[in-house]
Amino acid sequence: YEEARRTLPPDQFAMFYRGRIGRPRHMIYDCLDENIHFMPRFKIPDEWMRYMGVDFGGVNTVASYWAEDPKSKKLYCYRAYKGSKKSAAEHVDAMLDGEPMRPIAYGGAKAEGQWRQEFREGGLSIREPKIADVWLGINRTYSIFKTLEAFIFDDLEDMKYDLLNYRRKTDNMGNATDEIVEKNKFHFCDGARYILPSVKKEHKVQIEFA
């Protein structure tokens, strides 16, 4: 019960652990606190493990870069990449430029194996995310943010905008639905959903519903 209260979104905790009827949250990552989760940039040691979450696209391919503190195991997003109209090999060159090591990368939906194959041939192996379901991945990412296991440098404006504006559509009564507003525009949210649950230890309590 306490683990659920600590990790789950409040609407899901109320419904599944307190037996109360609750409305789904409108803002998907309403747990994000601009004064806590978005922090001033600091120098990340070159030896910290690096991870990358990739969202493929014919027009825009994006990637978020995360470094792991070896002591606390907390993740820090320190770079955001957005590239367009490039071959997979050209994307790879740009994505790896300046990195102290080759990051462990996860990205793409389950059906996007062709993208992963093209990037592999271009020089970067991108693994299939461990969680394929959209809402289960969102809920895992939510719990990671809520328990202060991941942070973002506050000068990454595109990343910050996507996370803070990711929201559900509403019906005629103003109630949140299970659809996401302009889902295809929030590439960095998808990238975060691919990488964070794939590299962070899973909490015991998971609710798969939206």
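Residues numbered from 1 in each chain as written. Predicted model: local features only at pLDDT ≥ 70, side-chain atom pairs only at ≥ 80, totals over all residues. Heavy atoms only, no water.

### What about the environment of leucine 124?
In step 1: Within the secondary structure, leucine 124 is located in the loop between helix 4 (113–122) and strand 6 (126–127).
In step 2: Note: C-alpha distance between leucine 124 and methionine 95 (29 residues apart in sequence) is 9.3 Å.
In step 3: Residues within four places of leucine 124 in sequence aside, it is in contact with Met52, Val92, Met95, Leu96, Arg102 and Phe119. (Helix = DSSP H or I, 4+ residues; strand = E, 2+ residues; numbered from the N terminus. Contact = heavy atoms within 4.5 Å.)

### Notes on the sheet that holds strand 4 (residues 75–83)
In step 1: The strand order across the open sheet built from 7 strands is 1-7-4-3-2-5-6, with neighbouring strands paired in mixed fashion. Taken across any chain shown, the strands that pair with only one partner, and hence form the sheet edges, are strand 1 (38–39) and strand 6.
In step 2: The pairing of strand 2 (residues 49–55) with strand 3 (residues 61–68) spans 7 bridges and is antiparallel. Each residue of the ladder has a partner; that of aspartate 55, found in strand 3, is valine 62.
In step 3: Those strands touched by helix 7 (residues 187–199) are strand 2, strand 3, strand 4, strand 5 (104–107) and strand 7 (150–153), and its axis lies near 135° from that of strand 2. (Pairing = 2+ DSSP bridges. Axes fitted to C-alpha atoms, helices over the stretch in contact; angles between N-to-C directions.)

### Thoughts on the confidence of the model for the chain
In step 1: Taken over all residues, the pLDDT of the chain has a mean of 87, while the share at 70 or more is 83%.
In step 2: Element-level pLDDT for the chain is lowest in helix 2 (residues 10–17), with a mean of 53, against a maximum mean of 98 in strand 7.
In step 3: With pLDDT under 50 throughout, residues 203–210 is counted as low confidence; its partners more than four residues away or in other chains account for 33 contacts. (pLDDT = per-residue confidence, 0-100.)

### A word on the pairing of strand 5
In step 1: Relative to strand 5, strand 2 is paired through 4 bridges, and the arrangement is parallel. Counted as the bridge partner of tyrosine 51 is isoleucine 104 from strand 5.
In step 2: Pairing between strand 5 and strand 6: 2 bridges, direction parallel. If you follow alanine 105 over to strand 6, its bridge partner there is isoleucine 126.

### Describing the packing of aromatic side chains
In step 1: The tally for this structure, following the rule as stated, stands at 12 aromatic pairs.
In step 2: With centroids separated by 5.2 Å and ring planes inclined at 50°, the aromatic side chains of phenylalanine 56 and phenylalanine 119 adopt a geometry described as tilted. On the criterion of sequence distance, the pair formed by phenylalanine 56 in the loop between strand 2 and strand 3 and phenylalanine 119 in helix 4 is long-range, its members being 63 residues apart. In terms of burial, phenylalanine 56 and phenylalanine 119 fall into one category: buried.
In step 3: An aromatic cluster is built from Phe42, Trp48, Tyr76, Phe151 and Phe153, whose rings are joined through pairwise contacts.
In step 4: Over the ring of tyrosine 78 we find arginine 50, and its NZ or CZ is 4.8 Å from the ring centre. (Phe/Tyr/Trp six-rings, centres within 6.5 Å; stacked < 30°, edge-to-face > 60°. Buried < 20%, exposed > 50% of the residue type's maximum accessible area, 1.4 Å probe, protein only. Lys NZ or Arg CZ within 6 Å of the ring centre and 35° of its normal.)

### Considerations on the pattern of salt bridges
In step 1: Applying the stated criterion across every chain yields a total of 13 salt bridges.
In step 2: The shortest N-O distance in the salt bridge between lysine 169 and glutamate 179 comes to 3.5 Å. Here lysine 169, found in strand 8 (residues 168–170), pairs with glutamate 179, found in strand 9 (residues 176–180); they are 10 residues apart in sequence, far enough to count as distant.
In step 3: Residues participating in the shared-partner salt-bridge network are Lys110, Arg116 and Glu128. (Salt bridge = Lys/Arg side-chain N within 4 Å of Asp/Glu carboxyl O.)

### Some points on the pairing of strand 7
The side chains of a regular strand alternate between the sheet's two faces.
In step 1: The alternating pattern of strand 7 places Ala150 and Ile152 on one face and Phe151 and Phe153 on the opposite face, and all of these are buried.
In step 2: Pairing of strand 1 with strand 7, which is carried by 2 bridges, proceeds in the parallel orientation. By the bridge assignment, phenylalanine 38 is partnered in strand 7 with isoleucine 152.
In step 3: Pairing of strand 4 with strand 7, which is carried by 3 bridges, proceeds in the parallel orientation. Bridging from a neighbouring strand, tyrosine 76 pairs with phenylalanine 151 of strand 7.

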